[in-house]
Amino acid sequence: MQSVTKLRLVASPDERRMLFATMERYNAACNAISPVAYSEKQFSNISLQNRLYYQIRETFGLSAQMTQLAIRKVAGSYRSTQEAIREQNKVLAALGKPLKILTEIWFRKHGAICYDARVLSLGRNRVSIWTLDGRIKLRYSRPDYFPAVATVKQTDLIYRDGAFWLYATVETPDIEPAKPSEYLGVDLGVVNIATPSDGVTFSSDTTEKVRQRYGRHKGVLQKKGTKSAKRRLRTISGRERRFKTNTNHIISKRIVCAAQGTKRGIALEDLKGILLRTTVRHDQRERHHKWAFHQLRSFIEYKARRAGVLVQVINGAYTSQQCSACGFVHPDNRQTQAAFCCRACGHTENADLNAARNIAARAAVNRPIAVCSPDTRGEVESQACKEHGATHGIMPPTSIGGS
Ligand SMILES: [Zn+2]
């Protein structure tokens, strides 16, 4: 499977100068290639190379490979922009709105350099990278989620927030996950981002505070509306997004490690269970959480795949209303957001933890849930109708659990 890993480079002032100079020259070359590509509508690597290779190499004093990489960046940018416009236009045409057209692309002075293996090689702790002053070796910080066995496909050199980064596209071998007998159930939510069926709950307190702080700052800038305020707004939004992404990396890594270390699979609920619980508010907070939530889910899934941990998606209906001790299901079992108290057996527990245990149990045993005792059946059914309208009654037993 392919994934992108971000590595922060450690560069001295001298090395930074070399990297900036290389970036500027490379993007200047791109800006010389772009008008020709645009006016002649030539977006293939080979046709642009035949047309411009010697001219660009001579004018900008780039190595053979760097010249080719600049040509490839321009051609690739036009092709992907053209493809994106084509997709957008399908929607715009259906809505009867004016269509978008391809315009000439301009490359930023400090835009990314797309290196390949011939001009950049990634070692265990150092990277060897081509610059105008020859090859230089730089140290980089290796995040703990960087795969140990990986083949680097392509690496982009990026300048962002005052530092140089490598965005490495790595290919890691898939490990066939073994079928475990036990599962770590994970309840994903808004108040608690993730609650595993054992271990520590990841609360959203910190991320919510950060979101609010950024939110206030963004509000002020939005009111201002000047060009520089808009630029600042983009920077802040990017930072906030990266903070949240980083948090999700940490949480997903811990969950996958916990499952791997105990030779268990990971159980997540399907979207049905989540839709049953969440409200349909569309404010900023809700949208933000929804985005973060889907990201966390996808991180858990891909990290698990990389670690050879099986992910089982289970039917999520009533995981928050069911007692993890006796199996009794009733809406009144969940008294508040945080507290669970079983009306049948008196079992009390943190509500998210109770849900996580149910999720783990459902993945391990492929059997129907004891939805409720006959005398309360009608009550539960009507509750289901109120909450999600269309679905009546209980999910059929065949859709519970996995294969
Ligand atoms: Zn109970």
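Source: prediction; values computed, not measured. (Residues numbered from 1 in each chain as written. Predicted model: local features only at pLDDT ≥ 70, side-chain atom pairs only at ≥ 80, totals over all residues. Heavy atoms only, no water.)

**Observations concerning the overall build of the chain**
Note the following rule: Runs of E in the DSSP output that reach at least two residues are strands. Runs of H or I that reach at least four are helices, and both are numbered from the N terminus. Three labels apply to residues, based on accessible area from a 1.4 Å probe with only protein chains included: buried if under 20% of the type maximum, exposed if over 50%, partly exposed otherwise in between. To measure how exposed things are, a 1.4 Å probe is used in the Shrake-Rupley method; for residues, cover is taken only from the protein chains shown.
Regarding its fold elements, the chain presents 9 helices and 14 strands. A buried classification covers 46% of the 403 residues belonging to the chain. When the accessible area of the chain is evaluated, it comes to approximately 21,100 Å², of which 53% is carbon and sulfur surface.

**Observations regarding the pattern of salt bridges**
Rules: By salt bridge we mean one thing: a side-chain nitrogen of Lys or Arg within 4 Å of a carboxyl oxygen of Asp or Glu.
Taken as a whole, this structure holds 13 salt bridges when the rule is applied. Note that Asp352 and Arg334 form a salt bridge whose closest N and O atoms lie 3.5 Å from each other. With Asp352 in helix α8 (residues 351–364) and Arg334 in the loop between β12 (311–314) and β13 (339–341), this residue pair connects regions lying 18 residues apart in the sequence. An identical accessibility class is assigned to Asp352 and Arg334; each is buried.

**Notes on the coordination of the zinc ion**
Quick note on the threshold: With water omitted from the atoms examined, metal sites may look incomplete; donors here are N, O and S atoms no farther than 2.8 Å from the metal, or 3.2 Å in the case of Na, K and Ca.
Protein-derived ligands of the zinc ion are Cys323 (SG), Cys326 (SG), Cys342 (SG) and Cys345 (SG), with the metal-ligand distances lying across 2.3 Å. The sequence pattern formed by the donor residues of the zinc ion is C-x2-C-x15-C-x2-C. Of this pair, Cys323 sits in the loop between β12 and β13 while Cys342 sits in the loop between β13 and β14 (348–350); the two residues are 19 residues apart in sequence, bridging distant segments of the chain. Like Cys323, the residue Cys342 is buried in the burial classification.

**A few points about helix α2 (residues 45–60)**
Working note: α-helix, 3.6 residues per turn, so residues spaced by three or four point in the same direction. The cut-off we apply is this: In this scheme, a helix's expected span is set at 1.5 Å multiplied by one less than its residue total. Here the bend at a residue means the angle between the axes of two seven-residue stretches, the one that ends at it and the one that starts at it. Residue contacts are counted whenever heavy atoms from the two residues lie within 4.5 Å of one another.
Relative to the 22 Å expected for 16 residues at 1.5 Å per residue, α2 spans just 19 Å between its end C-alpha atoms, considerably shorter than the ideal helical length. The largest bend in α2 is about 60°, located at Leu52. Three or more residues of α2 are buried, namely Leu48, Leu52, Tyr53, Ile56 and Phe60. Looking at the buried side of α2, the elements it contacts are α1 (13–40) and α3 (64–94).

**Section: the pairing of strand β11 (residues 265–269)**
When a strand is regular, its side chains alternate between the sheet's two faces. Basically, it comes down to this: When DSSP finds at least two bridges between two strands, those strands are taken to pair.
Buried residues dominate β11, accounting for 5 of its 5 residues. In this structure, strand β8 (residues 183–188) lies alongside β11, joined through 3 bridges in parallel fashion. The residue of β11 that forms the bridge with Leu184 is Ile266. Note that β11 and β12 share 4 bridges and pair parallel. Each bridged residue has a counterpart across the sheet, and for Ala267 the counterpart in β12 is Gln312.

**Notes on the side chain of Gln295**
Inclusion rule: Polar contacts here mean pairs of N or O atoms no more than 3.5 Å apart (in protein, one a potential hydrogen donor and the other a potential acceptor; neighbouring residues in sequence count only if both atoms are side-chain atoms).
For Gln295, the location among the structural elements is in helix α7 (residues 284–307). Polar side-chain contacts of Gln295 include one of 2.8 Å to the side chain of Asn248. If sequence neighbours within four positions are ignored, Gln295 has contacts with Lys244, Thr245 and Asn248.

**Remarks on the nonpolar core**
One broad trend across soluble globular proteins is that nonpolar side chains are buried collectively. Here is the rule we go by: By nonpolar core is meant a set of buried Ala, Val, Leu, Ile, Met, Phe, Trp, Tyr and Cys residues that side-chain atoms within 4.5 Å join together.
In terms of nonpolar packing, the biggest core is built from 46 residues, with Met66, Tyr115, Ile129 and Leu157 touching the most fellow members. Counting only elements with at least two residues in this core, the list comes to β1 (2–10), α1, α2, α3, β2 (113–115), β4 (126–131), β5 (134–141) and β7 (163–171). Take this core: its biggest share by element is 10 residues, from α1. Apart from residues lying up to four places away in sequence, Tyr115 is in contact with Thr22, Met66, Leu69, Leu120, Ile129, Trp130, Gln154, Thr155, Asp156 and Leu157.

**Let's talk about the packing of aromatic side chains**
The cut-off we apply is this: Note on aromatic contacts: the rings of Phe and Tyr and the six-membered ring of Trp form a pair at centre separations within 6.5 Å, being stacked when their planes are under 30 degrees apart, edge-to-face when over 60 apart, and tilted otherwise. Lysine NZ or arginine CZ positioned within 6 Å of the ring centre and within 35 degrees of the ring normal marks a charge as sitting over the ring.
Considering all chains together, one arrives at 7 aromatic pairs under this definition. For the pair Phe20 and Tyr159, a centre-to-centre distance of 4.7 Å together with 70° between the ring planes defines the contact as edge-to-face. Of this pair, Phe20 sits in helix α1 while Tyr159 sits in strand β6 (residues 151–160); the two residues are 139 residues apart in sequence, bridging distant segments of the chain. For Phe20, a relative accessible area of 18% translates into the label buried. For the ring pair Tyr159 and Phe164, a centre distance of 5.0 Å and an interplane angle of 50° mean the geometry is tilted. Among the aromatic residues, those joined into a ring-pair cluster are Phe20, Tyr159 and Phe164. The ring of Trp165 carries the charged tip of Arg160 above its face, separated from the ring centre by 4.5 Å. Above the face of the Tyr214 ring, Arg213 is positioned so that its terminal group lies 5.6 Å from the ring centre.

**A word on the packing of α2 against α3**
This is how it is decided: Here an angle of 0 to 180 degrees is reported between the N-to-C directions of two axes, which are lines fitted to C-alpha atoms, with helices fitted over the stretch in contact. Throughout this description, any angle smaller than 35 degrees is read as roughly parallel, any larger than 145 degrees as roughly antiparallel, any in the 65 to 115 degree range as roughly perpendicular, and the remainder as oblique. Left-handed describes a crossing whose near helix is turned anticlockwise from the far helix by less than a right angle; the clockwise case is right-handed.
Where α2 meets α3, the axes come as close as 9 Å, and the angle between the chain directions of the two elements is 135°. With respect to each other, α2 and α3 are oriented oblique. Considering how the two elements wind past one another, α2 and α3 form a crossing that is right-handed. Each of Asn45, Leu48, Gln49, Tyr53, Ile56 and Arg57 in α2 lies in contact with α3, whose residues at this interface are Ala64, Thr67, Gln68, Ile71, Arg72, Ala75 and Arg79.

**Let's talk about the packing of α1 against α3**
α3 packs onto α1 with a crossing angle of 50° between their chain directions and a minimal axis gap of 9 Å. On the basis of the axis angle, α1 is oblique to α3. Where α1 crosses over α3, the handedness of that crossing is right-handed. Contacts from Thr22, Tyr26, Asn27, Ala29, Cys30, Ile33, Ser34, Ala37 and Tyr38 in α1 reach Met66, Leu69, Ala70, Ile71, Lys73, Val74 and Tyr78 in α3.

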